[in-house]
Every structure is written in structure tokens, then in C-alpha cells.
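Residue-level structural notes
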Amino acid sequence: MKLDRITVICVSHRGMSVEITRLLATLASAGARVQVDRGSVDLCYSRNRALNDALLRPELERVLLLDDDMIVTPQQALQLLQTIPDGYAGLSGLYVRGDGVECAWPLGTDGQGATRWHVGLGFCAVHAESLRRAKEYLPTYRMPNGPQTVYCQAGPHPTLGHWQIDDESFCRAMIPVGGIGLDRTLQVGHLKSTVLWPV
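Residues numbered from 1 in each chain as written. Predicted model: local features only at pLDDT ≥ 70, side-chain atom pairs only at ≥ 80, totals over all residues. Heavy atoms only, no water.

1. Description of the overall build of the protein chain
For the protein chain, the count of helices and strands is 5 helices and 13 strands. Its C-alpha atoms give the protein chain a radius of gyration of 16 Å, within 12% of the compact-globule value 16 Å for 199 residues. A principal-axis box enclosing the C-alpha atoms of the protein chain has dimensions of 45 × 45 × 35 Å. At a minimum sequence separation of 6, the contacts of the protein chain that also span at least 24 residues come to 73%. Counting only carbon and sulfur atoms, one obtains 53% of the accessible surface of the protein chain, whose full area is about 9700 Å². Counting 19 positive and 20 negative side-chain charges, the protein chain places the averaged centre of each group 4 Å from the other. (Helix = DSSP H or I, 4+ residues; strand = E, 2+ residues; numbered from the N terminus. Rg over C-alpha atoms; globule rule 2.2 N^0.38 Å. Contact = heavy atoms within 4.5 Å. Areas by Shrake-Rupley, 256 points an atom, 1.4 Å probe, with all protein chains shown as cover. Lys, Arg positive; Asp, Glu negative; His and termini not counted. Charge placed at Lys NZ, Arg CZ, Asp CG, Glu CD.)

2. Considerations on the packing of helix H2 (residues 43-54) against helix H5 (residues 166-173)
For the pair H2 and H5, interaxial distance at closest approach is 10 Å and the crossing angle is 40°. Relative to H5, the element H2 is oriented oblique. Together, Leu 43, Cys 44, Arg 47 and Leu 51 of H2 and Asp 166, Asp 167 and Phe 170 of H5 make up the contact between the two elements. Of the residues belonging to the contact of H2 with H5, the class tally is 4 nonpolar, no polar and 3 charged. (Axes fitted to C-alpha atoms, helices over the stretch in contact; angles between N-to-C directions. Parallel < 35°, antiparallel > 145°, perpendicular 65-115°, else oblique. Nonpolar A, V, L, I, M, F, W, Y, C, P; charged D, E, K, R; others polar.)

3. Things to note about H5
Within H5, 7 of the 8 residues are buried, which leaves the element mostly enclosed by the surrounding structure. Among the residues of H5, those classed as buried are Asp 166, Asp 167, Glu 168, Ser 169, Phe 170, Cys 171 and Ala 173. (Buried < 20%, exposed > 50% of the residue type's maximum accessible area, 1.4 Å probe, protein only.)

4. Quick notes on the layout of surface pockets
Summary: where empty space remains is shown by rolling a probe the size of a single water molecule over the atoms. If you add up the space inside the second largest pocket, you get close to 210 Å³. The wall of the second largest pocket is formed by 15 residues, among which Gln 153, His 157, Gln 164, Ser 169 and Ala 173 lie closest to the centre. Looking at the lining of the second largest pocket, the element that brings in the most residues is H5, giving 3 residues. A breakdown of the residues in the lining of the second largest pocket according to their chemical character gives 9 nonpolar, 5 polar and 1 charged. (1 Å grid on protein atoms, 1.4 Å probe; cavity = no way out; pocket = protein on both sides within 12 Å on 5 of 7 lines; lining within 4 Å. Points joined across faces, edges and corners; volume = space filled by probe spheres on them.)

5. Side note on the nonpolar core
Of all hydrophobic cores here, the largest spans 31 residues; its most connected members are Ile 9, Leu 51, Leu 65, Leu 131, Tyr 151, Phe 170 and Met 174. Mapped by element, the contributors of at least two residues to this core are strand E1 (6-11), H2, strand E3 (62-67), strand E7 (115-119), strand E8 (123-127), helix H4 (128-134), H5 and strand E13 (180-190). Looking at which element gives the most residues to this core, the answer is H2, with 4 residues. Residues contacting Leu 65, with those up to four places away along its chain left out, are Ile 9, Leu 51, Leu 121, Gly 122, Phe 123, Cys 124, Val 126 and Phe 170. Core analysis: the next-biggest nonpolar cluster, separate from the first, contains 25 residues, Leu 23, Val 72, Leu 91 and Phe 123 among them. (Core = buried A, V, L, I, M, F, W, Y, C linked by side-chain atoms within 4.5 Å.)

6. Some points on the pairing of E7
For E7, a buried count of 4 out of 5 residues is recorded, marking the element as mostly surrounded by other parts of the structure. Sheet analysis places strand E6 (residues 104-109) next to E7, joined by 5 bridges and oriented antiparallel. Residue pairing in the sheet places Gly 108 in a bridge with Arg 116 of E7. The antiparallel hairpin formed by E6 and E7 contains 5 residues in its connecting segment, where Gly 113 sits at a positive phi of about 85°. (Pairing = 2+ DSSP bridges.)

7. What about the pattern of salt bridges?
One pass over the structure, following the stated rule, counts 10 salt bridges. A salt bridge links Glu 102 to Arg 184; the shortest N-O distance between them is 3.0 Å. Remark: Arg 184 occurs in strand E13 and Glu 102 occurs in the loop between strand E5 (90-95) and E6; sequence separation between them is 82 residues. Overall, Glu 102 belongs to the partly exposed group, its relative accessible area being 32%. Judged by its relative accessible area of 41%, Arg 184 falls in the partly exposed class. Where Asp 110 meets Arg 116, a salt bridge forms, and the shortest distance between an N and an O atom there is 3.1 Å. You can call Asp 110 partly exposed: its relative accessible area is 27%. Relative accessible area serves as the criterion here: at 9%, Arg 116 is assigned to the buried category. Within this structure, Arg 47, Asp 67, Asp 166 and Asp 167 form a network of salt bridges that share partners. (Salt bridge = Lys/Arg side-chain N within 4 Å of Asp/Glu carboxyl O.)

Next comes the structure, spelled out in C-alpha cells:
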């Protein structure tokens, strides 16, 4: 894996954790392209814009999605990028709450029994080719620089009857191109003063 073919996307409208600031600097110095989007408090809009911008690089092989409040080491980031399982669009590390609850929810299995997951997007690596293939069926919206693919959105799910957040919508959008896997050995920290979701 060549790091100059990796784009690291961090969407932030707050201050970044010390750990993420150091991680971004380390990855950039090793050759990865670091893209920090601070332009909007709308997380879905910012993530969609950043993903569409990243895919303009024809040599791009993988994208690492990071939140600004994660605790992740460079070793964990490299392991995640290098170990996306065959047949999957991407791979996430595992958030574990202070009370021991795992923040990952199964979205179903494929024909071989492999589980696809709804995970947070604060530490998630995705094949660029899977994101490009998803453009064939995902909706788009207009921007001055051309159509933008909607990889994630928030709002009522059209058939499941619940409010869908951006993380869930992204993970569901990736299912036709392989879905998101979960590596329970990569447990990462998430700096929250309170449990926001799920309740």
C-alpha cells in the first residue's frame, strides 16, 4: 500500500483532539493526502463534499474517514487501511462506550454469512473503487463544480420507519458494493462528554 494513494478525510466544525492533530500530521509526513473540511456544520454535506473532492484523484486507492474527536494511533490507522477484507467496501474499528457497550449494529449478512455493519464513520477505511462504483446508483445534487454524489444523509428512512443518521445511511449505501466490515481488535477512543446516540 502506497500512502500517496491514500486520502485522509477529517470533517471538523469544532476543535480537533490532540490525538487526531498528531495523527494527521504523521500521516501527511508519510505521504498521505490529508483533507480537513471545516466549511459547514452540516456533517452530511461536509462528508459528501469531501468524498466527491477526494475521488477527483484518479490514482486514489483508499479513503480513511476520521472524526475530530477520536483517539487513534498511527499504527491503528495503517492497520485499518491495510486489512479491508476481500469482498468488503470498507472496514471500521470498534468504538466501545465507557459502560462496555459496543457501538456497532449488524445490517445483515451476505450469501456466505459475512456480516455487514452500521458503524460510526470516525475511524473507517473505504476502497476508492467501491465509492466510484456506488456513484452508479446513489442520488446526486447540483453544485457549481458539477454533480455531487450523496454518500450519506440524515432524515427519516423511507421504508424502515426510523430516523436515519449519516453513519447509518453511508453504511447502507455501501452494501451493494460490499458493505462495511468490523475489526473488533481495533478498539478506539471517542471523546464524548455524554452518550448522544443510541439512547
